2 protein chains.
Amino acid sequence: MEVIVTLPQSALPIGPQGIFDVARELGVSEDHVEPYGRNKAKIDLAALARPASGAGRLVLVSAINPTPAGEGKTTTSIGLAMGMRRLGKRAVLCLREPSLGPVFGVKGGGTGGGRATLVPADDINLHFTGDIHAISTAHNLLSAMVDNACHFNTSFGDKGAIDPRQVTWGRALDMNDRALRNVVVGLGRKADGVPRQDRFDITAASEVMAIVALAEGPEDLERRLGRIVIGQSTSGAPITAADVGAASAMTALLRDAIKPNLVQTDEGGPALVHAGPFANIAHGCSSVVATRLGLLSGDYVITEAGFGFDLGGEKFLDIKCRTMGVFPRVLVLVATLRALKMHGGAPVKRAAEPDEKALEAGLAHLDKHLDSAVFFGLPVVVAINVFPNDTQEELALVDAAMKRRGVRAVRCEGFMRGGEGALELAEAVATAADATDGAPPAPRFTYELAEPLRDKITKIARTIYGADGVTFTAAAERDARRIEELGHGGVPICMAKTQLSLSDEPTLVGRPTNFQVTVREIRLSAGAGFAVALTGDMMTMPGLPREPSALRVKLLPTGKIRGLMQND
Amino acid sequence: MEVIVTLPQSALPIGPQGIFDVARELGVSEDHVEPYGRNKAKIDLAALARPASGAGRLVLVSAINPTPAGEGKTTTSIGLAMGMRRLGKRAVLCLREPSLGPVFGVKGGGTGGGRATLVPADDINLHFTGDIHAISTAHNLLSAMVDNACHFNTSFGDKGAIDPRQVTWGRALDMNDRALRNVVVGLGRKADGVPRQDRFDITAASEVMAIVALAEGPEDLERRLGRIVIGQSTSGAPITAADVGAASAMTALLRDAIKPNLVQTDEGGPALVHAGPFANIAHGCSSVVATRLGLLSGDYVITEAGFGFDLGGEKFLDIKCRTMGVFPRVLVLVATLRALKMHGGAPVKRAAEPDEKALEAGLAHLDKHLDSAVFFGLPVVVAINVFPNDTQEELALVDAAMKRRGVRAVRCEGFMRGGEGALELAEAVATAADATDGAPPAPRFTYELAEPLRDKITKIARTIYGADGVTFTAAAERDARRIEELGHGGVPICMAKTQLSLSDEPTLVGRPTNFQVTVREIRLSAGAGFAVALTGDMMTMPGLPREPSALRVKLLPTGKIRGLMQND
């Protein structure tokens, strides 16, 4: 057990630092820093080979299910880290890399907001250090090699040749582009390949993205890439990326992408922003190597699991924590009055107006997530992300309601006031994390790996979503059987579900009851080491809205870029 | 007129330097250097706003038409720059960025070979500083916005809505992937877009790549991107990227890609490696901004135009030099004995064996390029890239043949001996460049811009290829008419032709006569400012061979990558 030494405040400068200084604060020596421009860097994985210098207490930030009114989970995570640092505590942020799809679509960038942001926000929201591009490229190299093997009818030993009708590996692009959801490739003449149906997924949903996020280093990366199943041979045998001969070249393409990226908060604290799987259609967690680096260096590692606790939170615990052998000390659940009111039935246009009845009703939604936290054995701090026009009466109502439940609720004004506005939250979270010191929460999971796939999915739906049960389509039943026949039944489940509801129906806000979840397809990600269960209408390639954010994005003469954040 | 000061040899260290030292040698101050890792950097375009410190003599390196035996044009360019530097001359290399297509296909990387290479070769051959990925992304953002406008049937003022049957803007990927040459997108349900036929080009052939290569800075970039014609409206009006509202976001995506990349030769000399249009299916030249930076700083700027002089060389002069308002002082034509023998009829397996008859016959091929140099008014140095087993007899035969033609031929052993092996070539090239000092070659072009499109194409085919004339298909005739009706008839021509022959038929080596060139399609690149004439069977998306190089690429435990170069 490590002792937390609270540093004198003066030890930590408040404000942007040189990237080598940020690395030093993270305990990483200059040798292991590869600068990318002046204020971002990659950290060599050799930096992981040193004894821990921090207490390494993991703090999971998640949220209620998002609404159009906004919750500010990333902003609250950043504010929390800033607040801790102002208290003289060594805090490390571990966040995901934003995808260009949402940046140009509806949601905007993923670097916080107001006075709780990451630096350099423009770079992080665009190409950053190129990880996502490298992942798209590795994905599409495998696709090209698969189609090349179809074209030349290449035979893979006893397995035989790939059956073009049974290729399950699609292509990937970091873009919202609905026209690429269902395509036919290989048209033209004989020299132009074998015609077959195909799909493009957004890169954030690519198995290669999940593998980069979960790999422990280059060797593990290559092994996992080699295990990817791209489809079946004409004799029914599974064909892998290793069979096709693509895994080594894919690993080479990902040589730098596997290294964590270091940036900083507006106030100069270290932030490891690495890997970007979506939390609705992928497992939603930043990388294992970044988390390990954070745990080595920081006393508190603040990491965010995307979207609602039912989605990113569940997968963080059941997939990432199980794989890594770590478990958080405390869960921070982010909510806003507006979002709670929407969960209580208020329409988005009136969510900013006082409406205690809707607020009270919306708390039932929060309750479900609190129940799940209890299920996982996690202490909770509820963080109320305060907006300027939130009323004291409504804030007090939430405080009182949480007090009745025996849960600590703390207001956070990171958006408006930076770390200064998150001091109380920082204190509360540190206290909660430290309180578990004698008896850290024992890892508890929603299901055991040895259970049948359908049972695991059903347990998630019942326990975490509050569903009555799960309806599997005939296709999903077939998928489950096939995955178990291939010997991959023992993997955890990566649920693909709408983030807007606890159910698989986006319009059911609040705390829905008496519902079934429908699973229409199960995809094996043998390299990532999970099976993706697609529920409802979830699509793995988003579309652009009628008026995409891209219309507002512009490079200014100063070199700054306008329009990357929703509120720009 | 500048006076060339030959530096004492000791002034220039021979061997890899820190990237800031390389920048200093280039006359770029530290403020303008954005490091990417430890040994590559981007140069801020603000570095262009200073008075010239060098004589800025442009040296164009081109070659005979490539054969499977190899010519080593890039290797010779690098060796030449190394040799000049060893002579104490300020030489700057301006080269193109390699594409992943050839790296994983047949050709291998593009960073030279033997002892005449660029550092860091692995990085340059893979993602480098992310330029090509940024270009693919900008290209595909426009594609997604076009299909989005089709989906929502968005109307663009008086022009009306896009006609999905008349979209000419495809998608792009930096990959050899024949299955993507002809695709159908937008299949599925109503929510999945409008079904239509589409194509993917390799990014090196994207108009966005050409625009990045030709733009003078961010403003010019945005203007050119806005001019891209993506297709027609239902009323027949041309729809541009500006109409679709994509040009500003594309410019933002290219904010860093427009900045030249600085690396170095093995011996420490500055190399600006920036933009990578192919020379067969695109205009084949490195960026205008990199060339301008080189001309500001260097006494000799050594730049390479891809493939044979008929392709990259012609387009370098007729497109890039015309656009920039510069012209080279001297042309270096690279040839090897093996390649000459193949042009003289020797099969590839026997090209390494002595065969004076084939060699003599192959010189007719070289003669055609020498004629073209005379046409352009350019002094020529023929560089014989020497292989270890080349015989003295054959080398002497070439010397004598060149002497008869009044052309200086110099042997270059950069591959085997680095700069030391290119001293004679360096001396010869510098002498030739300096000799033009009183009367630099006046810009001469193959055609005038005001001529009709078909006449311009015909002049290139007759003058540079030696064709009898050009056959235009009915489709190409229609294309030409349409481009002229739109008011874009005054653009230069970007020929898309096989690099393997002076003709449009890849098997016709040597100096073919009595042939017609067939143009089957003409595509307008209004943003790049040229029209692409597709001849023969040229495809804008290559395929992988049966055994792609990707099979041999591997990340080694040292962090080095094996298999990126053909001879690895």
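Because the structure is predicted, anything quoted here is derived from the model rather than measured. (Residues numbered from 1 in each chain as written. Chains lettered and ligands numbered in written order. Predicted model: local features only at pLDDT ≥ 70, side-chain atom pairs only at ≥ 80, totals over all residues. Heavy atoms only, no water.)

Peer 1: Help me understand the overall build of chain A in this model?
Peer 2: Looking only at helices and strands, chain A has 18 helices and 25 strands in total. Its C-alpha atoms give chain A a radius of gyration of 23 Å, within 12% of the compact-globule value 24 Å for 568 residues. Based on the C-alpha atoms only, the size of chain A along its principal axes is roughly 70 × 55 × 50 Å. Buried residues in chain A amount to 66% of all 568 residues. Put simply, of all contacts in chain A between residues at least 6 apart along the chain, 75% involve residues at least 24 apart. When the accessible surface of chain A is summed, it comes to about 18,500 Å², and 53% of that surface belongs to carbon and sulfur atoms. In chain A, which carries 62 positive and 64 negative side-chain charges, the distance between the mean positions of the two groups comes to 2 Å. (Helix = DSSP H or I, 4+ residues; strand = E, 2+ residues; numbered from the N terminus. Rg over C-alpha atoms; globule rule 2.2 N^0.38 Å. Buried < 20%, exposed > 50% of the residue type's maximum accessible area, 1.4 Å probe, protein only. Contact = heavy atoms within 4.5 Å. Areas by Shrake-Rupley, 256 points an atom, 1.4 Å probe, with all protein chains shown as cover. Lys, Arg positive; Asp, Glu negative; His and termini not counted. Charge placed at Lys NZ, Arg CZ, Asp CG, Glu CD.)

Peer 1: I tried to follow the sheet that holds strand β7 (residues 162-167) of chain B on my own but got confused; where do I start?
Peer 2: Two pairing modes exist for strands in a sheet, parallel and antiparallel, and in both the strands are linked by backbone hydrogen bonds. Residues and elements named next belong to chain B. The antiparallel open sheet is built from 3 strands, whose spatial order is β7-β12-β13. Looking at strand neighbours, the two that pair on one side only are β7 and β13 (238-240), the edges of this open sheet. Pairs of neighbouring strands in the sheet enclose a mean axial angle of 55°, with direction left out of account. Of the strands in this sheet, β7 and β12 (229-233) touch helix α5 (residues 131-151), which is tilted by about 125° from β7. (Pairing = 2+ DSSP bridges. Axes fitted to C-alpha atoms, helices over the stretch in contact; angles between N-to-C directions.)

Peer 1: Teacher, can you tell me more about the relation of the copies chain A and chain B here?
Peer 2: These two copies of the chain differ by a rotation about an axis and a displacement along the same axis. Take chain A, turn it by 180°, move it 0.0 Å along the axis, and it overlays chain B with an RMSD of 0.0 Å. Here the symmetry operator amounts to a two-fold rotation axis. Minimal C-alpha separation from the rotation axis in chain A is found for Tyr36 of chain A, amounting to 2.1 Å. Comparing interface residues between copies, 100% of those in chain A also lie at the interface in chain B; the contact surface is shared. (Least-squares fit on C-alpha atoms with pLDDT ≥ 70 in both.)

Peer 1: Would you explain the domain arrangement of chain A in this entry?
Peer 2: Where interface size is quoted, it is often the accessible area lost as the parts come together. All names here are of chain A. Once the domains are mapped, chain A shows domain 1 (17-130 + 257-434), domain 2 (131-253) and domain 3 (453-535). The gap between the C-alpha centroids of domain 1 and domain 2 is 33 Å. Listed by partner, the interface residues are 32 residues for domain 1 and 21 residues for domain 2. When the two sides are added together, the surface that domain 1 and domain 2 hide from each other amounts to roughly 2,000 Å², 63% of it contributed by carbon and sulfur. It is Gly130, Ala257 and Ile258 in domain 1 that bury the most area against domain 2; as a group they hold 24% of the surface buried on that side. Seen at the junction of domain 1 and domain 2, the total is 2 salt bridges. In this structure, the salt-bridge partner of Asp131 is Lys42, at a minimum N-O distance of 2.7 Å. Remark: the boundary between domain 1 and domain 2 carries 13 residue pairs in polar contact (both at pLDDT 80 or more). (Domains from an automatic or database assignment. Buried area = accessible area lost by both parts, 1.4 Å probe. Salt bridge = Lys/Arg side-chain N within 4 Å of Asp/Glu carboxyl O. Polar contact = N/O pair within 3.5 Å; in protein donor to acceptor, adjacent residues only side chain to side chain.)

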